Amino acid sequence: MPVDLIPFGRTAGLYFLTAIAELLGCYLPLLWLTGKGSIWLLLPAALSLTVFVWLLTLHPAASGRVYAAYGAVYIATAIGWLAVVDGVEPVWSDYLGVALALAGAAVIAHGHRPA
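Residues numbered from 1 in each chain as written. Predicted model: local features only at pLDDT ≥ 70, side-chain atom pairs only at ≥ 80, totals over all residues. Heavy atoms only, no water.

Where an unreviewed UniProt entry is consulted, the chain appears under the name YnfA family protein, with the organism given as Massilia phyllostachyos. Under Subcellular location (unreviewed entry), UniProt gives the following word-for-word description of the chain: "Cell membrane". Heading Sequence similarities (unreviewed entry) of the UniProt record for the chain holds this comment: "Belongs to the UPF0060 family." (UniProt positions renumbered as here; feature names shortened; annotations may be inferred.)

Q: Describe the overall build of the chain, with residues and values.
A: For the chain, the count of helices and strands is four helices and zero strands. The order of α-helices and β-strands along the chain, N terminus first, is α-α-α-α. For the chain, buried positions account for 25% of its 115 residues. Relative to all contacts within the chain whose residues are 6 or more apart in sequence, the contacts with residues 24 or more apart total 65%. (Helix = DSSP H or I, 4+ residues; strand = E, 2+ residues; numbered from the N terminus. Buried < 20%, exposed > 50% of the residue type's maximum accessible area, 1.4 Å probe, protein only. Contact = heavy atoms within 4.5 Å.)

Q: Could you give an account of the UniProt feature "transmembrane region" (unreviewed entry) in the chain, with specific residues and numbers?
A: The UniProt record marks residues 12-33, 39-59, 66-85 and 91-109 with the feature "transmembrane region" (unreviewed entry), using the residue numbering of this structure. For residues 12-33, helix accounts for 100% and strand for 0%, while the C-alpha atoms at its two ends are 32 Å apart. Annotated as 71% helix and 0% strand, the span residues 39-59 places its first and last C-alpha atoms 33 Å apart.

Q: I'd like to hear about a nonpolar patch on the surface, residue by residue, with values.
A: Together, W32, L33, I39, W40, L42 and L43 give the surface a local cluster of nonpolar side chains, amounting to about 650 Å² of exposed area. Where the nonpolar patch is concerned, the elements lending two or more residues are α1 (5-33) and α2 (42-56). One can find W32 in helix α1. (Patch = residues over 30% accessible without salt bridge, like charges linked within 9 Å, V, L, I, M, F, W, Y side chains within 5 Å. Areas by Shrake-Rupley, 256 points an atom, 1.4 Å probe, with all protein chains shown as cover. Salt bridge = Lys/Arg side-chain N within 4 Å of Asp/Glu carboxyl O.)

Q: Help me get a handle on the nonpolar core, residues and values and all.
A: Counting 14 residues, the largest nonpolar core has Y15, F52 and Y70 as its most contacted members. The biggest single contributor to this core is helix α3 (residues 63-84), with five residues. Non-local contacts of F52, meaning those with residues more than four positions away in its chain, are made with T18, A21, E22 and Y70. (Core = buried A, V, L, I, M, F, W, Y, C linked by side-chain atoms within 4.5 Å.)

Q: Go over helix α4 (residues 92-111) with me, naming the residues and quoting the values.
A: Taking 1.5 Å per residue, 20 residues should reach 28 Å; α4 reaches 28 Å between its end C-alpha atoms and fits that length. Along α4, the residues that are buried comprise V98, A101 and A105. Axial view of α4: buried residues confined to an arc of 70°, hence all on one face. Residues W92, L100, V107 and G111 are exposed on α4 and point more than 90 degrees away from its buried face. Buried residues along α4 sit in contact with α3. (Expected span 1.5 Å × (residues − 1). Arc of directions from axis to C-beta.)

Q: Break down the side chain of S48 for me, citing the residues and quoting the values.
A: In this structure, S48 sits in helix α2. For S48, a relative accessible area of 7% corresponds to the buried category. At 2.6 Å, the side chain of S48 and the backbone oxygen of A21 are in polar contact. Setting aside its immediate chain neighbours within four residues, S48 contacts A21, L24 and G25. (Polar contact = N/O pair within 3.5 Å; in protein donor to acceptor, adjacent residues only side chain to side chain.)

Q: Could you give an account of the packing of aromatic side chains, naming the residues involved and the relevant values?
A: Throughout the structure, instances matching the rule amount to four aromatic pairs. Ring plane angle 55° and centroid distance 6.1 Å describe the contact between Y70 and Y74, whose orientation is recorded as tilted. Pair noted here: Y70 and Y74 are both in helix α3, with a separation of four residues, about one helical turn. Since its relative accessible area comes to 24%, Y74 is described here as partly exposed. Grouped by ring-pair contacts, the aromatic residues Y15, F52, Y70 and Y74 constitute a single cluster. (Phe/Tyr/Trp six-rings, centres within 6.5 Å; stacked < 30°, edge-to-face > 60°.)

Next up, the structure:
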């Protein structure tokens, strides 16, 4: 069965934006809690988490399946965040974990389609 790349790309992009919103919404309070930022960071953090939840509602599939597939994209995005924001170079096990998570998400996404 061929994969329609436009909806796939749209879904992958939506998952990526959702992951960024979640990461940012958790990172900003961390900065405040560790004394690296002002309490005012909680306002954009709350907004970011609100956007995160809203983005999750844009998927038409059953929520459990969406969250499972999203989790893999979140893992991949978090490893990218590790490199870009935290300045920590990922190691081979990070890349392997991302590959396994994305493979699992592909099984979940492909498996629910009617034959």
